[in-house]
Amino acid sequence: MFNLEEELKKLPAKPGVYLMHDASDEIIYVGKAISLKNRVRQYFQKSRNVTPKIQRMIDRIAWFEYIVTDSELEALVLECNLIKEHSPRYNTMLKDGKAYPFLKATVQEAYPRLLFARQMKRDGSRYFGPFTSGRAIRDTIELANQLFHLRNCRRVLPRDTGKERPCLYYQIGQCPAPCQGFVEQEEYRRNFERAIKFLQGDTREIIRELTDKMNRASEAMQFEEAARYRDLIQSVRQVTEKQKITAEDNEDRDIVAMARGGDEAVVQVFFIRDGKLIGREHYYLTGTADEGNASVLSAFIKQMYSGTPYIPREIWTEEEIEDEEAIREWLSERRERRVYFRVPKRGQKERLLELAKRNAYMVLTKDAEKLKEERARTIGAMEEIQSLLGIEGLIRVESYDISNINGFETVGSMVVFENGKAKKNDYRKFRIRTVSGPDDYGAMEEMLTRRFEHSRKEGLSEADSFRSLPDIIFMDGGRGQVNVAERVLQKLGYDLPVCGMVKDDHHRTRGLYFNNREIPIDTHGQGFRLITRIQDETHRFAIEYHKLIRSKTQVHSVLDDIPTIGEVRRKALMRYFESLEQIKAATLEQLREVPGMNERSAAEVVRFFRQREKDGETEDRTKGL
């Protein structure tokens, strides 16, 4: 039994992270402290004024735990990791954790390449970005390879030199074929260095060179060649124009500005690389009510930069953030060079920050109605269902259904909704083992028993969906299915509400079966629409799994019936011949040429199809009689 007063006395006056749990053991808040003793005790002091949000959290705390660290910096890193892992409902949360791609220059290779990369690694390569558009990276790589005649193959050079013939890019004059030794390494690397300058924004030399070539081709009346150079010049200028000059210091920085409304906030980030604006992105934050701007910005920066491999030299914000010193030290360690926070107050810098802020307000205003509708169809719908059933705190819904055709290959489905949204990573499929024939109740009992027995296993990983118990169970059916679920839960010692989704004669949802009575529901409300979505999704997931099982049992090749022809030889025959008819008509000599076929296997194929022909002729003669 957790004794709050006793546990508060045991708190150490050391830095660390604390985790607040509710009665169901869910982690509802993660925080860090310079002194755990002082910080955690403050939550339970009656004289302290707290925001309504914090008070709601305190009312739900059943127990807490803490992890001691050696420093505030270690506590900050641990706090970031735990928030990302558990997504506590009372922390300010970044809704969309995006990962941006990079352009990778393999400068460590003898014949370097330009590649698309999802992550920045310490592999000796040079990285450009991050970029907000993967298409822009691929276009830039394609253009640079054309301009500077770089290879894009995967061959390891010079080890693989001369092992294979040159590819199509050599044939069309786009690659000098270093794989054949047709270009000296020094010459190739000089071209590669020119490509690096191009990626850094120095396009004057290449435009001058292309212009000279275009003019010479035009004077020689080689108009197709001149048009090709003209198009390349246009492509270079388009790439350059996408990078709007914003500063003359060639620094890397992120400009962070925020707009707020209710419990939502939008943060706009401008990505400045080498003094150029390469892109922008906006992020949604939830749980910001009753939080100050400094606190919200601090939460955003910690979550965003814990998930991105690239950290710029400077981060501009509209005001100073909470824990700035600790966050700066943490980011500097990750970057391995010092990171600076700036709060511009005047001039061009302030105007850039104001531009980012206006963009954030535009997104918030434009999406305000959409966000309102989204909340109504998810959280608002769950609130309607709670009111209808007289239950509070419904977050996680699990719904179950059975699918079979006359008892053949019975399967079950479990779908999960949290806060009114489908959580597809937690969906699970069940292949019914102990029930044969059309016994939906027996199949449901087996599925639920397996699901809730599994949740009792020790050592379940954080990713295991059976680790979390539902706040309510929805059954695709009425009294019968509800009774089955309640019987299983009672047998296993679980006290969870079970609700049936009842359909009418036209297979449309008409109400809920709960506490031994059918509850009518407003068919025009968001709660009804959510129940319908849950029911349809549960049914769809079960049907798709059943179709998959059926297709696997029904897929059968005639080649599988031939003795000595297993999966490997079957695939070899299908690759070697264009059709089954060609295999039937093949001679013994032709079959022996198939990779992996020996004399015996080839003879078996010939014998098999000849026997089938004879059997078919006999059958035809019998029918004629």
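Residues numbered from 1 in each chain as written. Predicted model: local features only at pLDDT ≥ 70, side-chain atom pairs only at ≥ 80, totals over all residues. Heavy atoms only, no water.

Let us now look at helix α7 (residues 185-199). For α7, built from 15 residues, the straight-helix expectation of 21 Å at 1.5 Å per residue is met to within 8% by its first-to-last C-alpha distance of 21 Å. Listed in full, the buried residues belonging to α7 are Y188, N191, F192, A195, I196, F198 and L199. The arc that holds the buried residues of α7, viewed along the axis, is 155 degrees, so those residues lie on one side. The exposed set on the far side of α7, more than 90 degrees from its buried face, consists of E186 and R190. (Helix = DSSP H or I, 4+ residues; strand = E, 2+ residues; numbered from the N terminus. Expected span 1.5 Å × (residues − 1). Buried < 20%, exposed > 50% of the residue type's maximum accessible area, 1.4 Å probe, protein only. Arc of directions from axis to C-beta.)

Moving on to a nonpolar patch on the surface. A contiguous nonpolar patch, built from L168, Y169 and I172 and spanning about 320 Å² of accessible area, is present on the exposed surface. Position of I172 among the secondary structure elements: in the loop between α6 (168-171) and α7. (Patch = residues over 30% accessible without salt bridge, like charges linked within 9 Å, V, L, I, M, F, W, Y side chains within 5 Å. Areas by Shrake-Rupley, 256 points an atom, 1.4 Å probe, with all protein chains shown as cover. Salt bridge = Lys/Arg side-chain N within 4 Å of Asp/Glu carboxyl O.)

Okay, empty space enclosed by the protein next. Taken as a whole and assessed by the stated rule, the structure comprises three cavities of 30 Å³ or more. By volume, the largest cavity amounts to about 70 Å³. Lining the largest cavity, in full, are F148, R194, K197, F198, D202, E205 and I206. Mapped by element, the contributors of at least two residues to the lining of the largest cavity are α7 and α8 (204-219). Ranked by residue count, the leading element in the lining of the largest cavity is α7, at three residues. Taken together, the residues that form the lining of the largest cavity break down as three nonpolar, no polar and four charged. (1 Å grid on protein atoms, 1.4 Å probe; cavity = no way out; pocket = protein on both sides within 12 Å on 5 of 7 lines; lining within 4 Å. Points joined across faces, edges and corners; volume = space filled by probe spheres on them. Nonpolar A, V, L, I, M, F, W, Y, C, P; charged D, E, K, R; others polar.)

For the structure shown, the criterion picks out 14 aromatic pairs. Their ring planes at 55 degrees and their centres at 5.8 Å tell us that F148 and F198 sit as a pair that is tilted. Placement of the pair is F148 in helix α5 (residues 134-148) and F198 in helix α7, with a sequence separation of 50 residues. Residue classification places F148 among the buried positions, given a relative accessible area of 2%. Residue classification places F198 among the buried residues on the basis of a relative accessible area of 4%. Clustering of aromatic rings is evident, with ring pairs tying together F2, F44 and F64. Lying over the aromatic face of Y229, R228 brings its terminal NZ or CZ to 4.9 Å of the ring centre. (Phe/Tyr/Trp six-rings, centres within 6.5 Å; stacked < 30°, edge-to-face > 60°. Lys NZ or Arg CZ within 6 Å of the ring centre and 35° of its normal.)

To continue, consider helix α15 (residues 479-492). Relative to the 20 Å expected for 14 residues at 1.5 Å per residue, α15 spans 20 Å between its end C-alpha atoms, a close match to the ideal helical length. Elements in contact with the buried residues of α15: α14 (440-454), β18 (472-475), β19 (498-503) and β20 (509-514). With its phi angle positive at about 80 degrees, G493 sits one or two positions after the end of α15. (Contact = heavy atoms within 4.5 Å.)

The next subject is the sheet that holds strand β2 (residues 27-33). Strand pairing in a sheet relies on backbone hydrogen bonds. The paired strands run either parallel or antiparallel. If you trace the three strands from one edge of the open sheet to the other, you get β2-β1-β3, paired in antiparallel fashion. The two strands at the open ends of the sheet, each matched to only one other strand, are β2 and β3 (63-68). If you compare each strand with its neighbour and ignore which way they point, the axes differ by 20 degrees on average. Where strand β1 (residues 16-21) lies against β2, six bridges are found, and the strand directions are antiparallel. Bridge pairing in β2 links G16 to A33. Packed onto the sheet, helix α2 (residues 36-43) meets β1, β2 and β3 and runs at close to 25 degrees relative to β1. Those strands touched by helix α4 (residues 72-86) are β1, β2 and β3, and its axis lies near 165 degrees from that of β2. (Pairing = 2+ DSSP bridges. Axes fitted to C-alpha atoms, helices over the stretch in contact; angles between N-to-C directions.)

Turning to the confidence of the model for the protein chain, a few remarks are in order. In the predicted model, the protein chain carries a mean pLDDT of 83, and the fraction of residues at 70 or more is 90%. Here strand β8 (residues 244-245) is the element of the protein chain with the lowest mean pLDDT, 40, and β18 is the one with the highest, 94. Confidence over residues 242-248 falls short of pLDDT 50; this stretch has 17 contacts with residues more than four positions distant or in other chains. Taken together, the stretch residues 618-625 has pLDDT below 50 and engages in zero contacts with residues farther than four places along the chain or on a different chain. (pLDDT = per-residue confidence, 0-100.)

Okay, the nonpolar core next. One recurring pattern in soluble globular proteins: nonpolar side chains tend to sit buried together. Ranked by internal contacts, the top residues of the largest apolar core, which has 30 residues, are L114, L147, F148, F198, I206, L210 and V236. Within the residue set of this core, elements represented by two or more residues are β5 (102-105), α5, α7, α8 and α9 (223-241). The contacts of F148, once residues within four sequence positions are left out, are N191, R194, A195, F198 and I206. (Core = buried A, V, L, I, M, F, W, Y, C linked by side-chain atoms within 4.5 Å.)

Looking now at the sheet that holds strand β6 (residues 114-117). Spatially, the three strands line up as an open sheet ordered β6-β5-β7, and their pairing is antiparallel. Of all the strands in the sheet, just β6 and β7 (126-128) have a single pairing partner and so form its edges. Averaged over all neighbouring strand pairs, the angle between strand axes comes to 30 degrees, with direction disregarded. Bridging between β5 and β7 involves three bridges; their strand directions are antiparallel. Residue pairing across strands places A105 opposite R126, the latter belonging to β7. Lying over the sheet, α5 contacts β5 and β6, oriented at roughly 170 degrees with respect to β6.

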